[in-house]
Amino acid sequence: MQQFFMDYGLYLLIALLIGIAVIFLATRGRGGGALEDRPAPPVADAHRPSAPAASDIPVIPDPAPVVAVPPLPLVDPVPPVADVAPDPVAPPASAAPVDAAPQQADTGAGDDLLRLKGVGPKLKAQLTQLGVTRFAQIAAWSDNDLATIDAQLGAFKGRPVRDQWIDQAKYLAAGDLAGFEAKYGKF
């Protein structure tokens, strides 16, 4: 008999557990112990919480109105072309390389900001609305100017620092296309 329990004891134990589970599930549907089937006991009125009085509710004042801060105007550090004396060190315009961009007259159009790596047509339009039209402006930005412009770029926020606009603009404002292309690649 001892050998029988050693050989089949585990099977008997499993059969016993299955039988208990079947009996439990069969009696559960007939109100055999499920708590959600039982009605809730009545609650005495003395134990119900009362609603707070109107004078007990704290009054929260309206928040202060949000005031939009207008963007700071950027000062164009480049004087008009008529006031600039020719640079005696610069080579004559006829000696300029073929791939160099032609200099623009001061017609209010500004520089071609699309030459900056990371600036596309949408960002150029946004910069123009902010008053940024020249490489010299960007090259002269301080950390505060950079933060002010960056905060107004919306979806393009972080682009001026990531794409190193100030450094790029220094090359382009100086007309150092060879230096620009050596560091940032061709246009």
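Source: prediction; values computed, not measured.

Asker: I'm lost on the nonpolar core in this one. Help?
Answerer: Soluble globular proteins: nonpolar side chains tend toward being buried together. Counting residues in hydrophobic clusters, the biggest one holds 21 residues, and the most contacted among them are L116, L127, I138, W141 and W165. Per element, the largest residue contribution to this core is four residues, and it comes from helix α6 (residues 165–174).

Asker: Any chance you could explain the environment of G185 here in plain terms?
Answerer: Note that G185 resides in the segment after α7 (177–184). Once the C-alpha coordinates of G185 and K117 are considered, the two residues, 68 residues apart in sequence, prove to be 9.0 Å apart.

Asker: Is there a simple way to explain the pattern of salt bridges in this structure?
Answerer: One side chain can pair with another of opposite charge once the charged atoms of both are near each other. Enumeration according to the criterion identifies five salt bridges in this entry. The salt bridge partner of K183 is D167, with a shortest N-O separation of 2.7 Å. Separated by 16 residues along the polypeptide, K183 in helix α7 and D167 in helix α6 bring together distant segments of the chain. In this structure, K186 and E181 form a salt bridge, with 3.7 Å as the shortest nitrogen-oxygen distance.

Criteria and thresholds
Residues numbered from 1 in each chain as written. Predicted model: local features only at pLDDT ≥ 70, side-chain atom pairs only at ≥ 80, totals over all residues. Heavy atoms only, no water. Core = buried A, V, L, I, M, F, W, Y, C linked by side-chain atoms within 4.5 Å. Buried < 20%, exposed > 50% of the residue type's maximum accessible area, 1.4 Å probe, protein only. Helix = DSSP H or I, 4+ residues; strand = E, 2+ residues; numbered from the N terminus. Salt bridge = Lys/Arg side-chain N within 4 Å of Asp/Glu carboxyl O.

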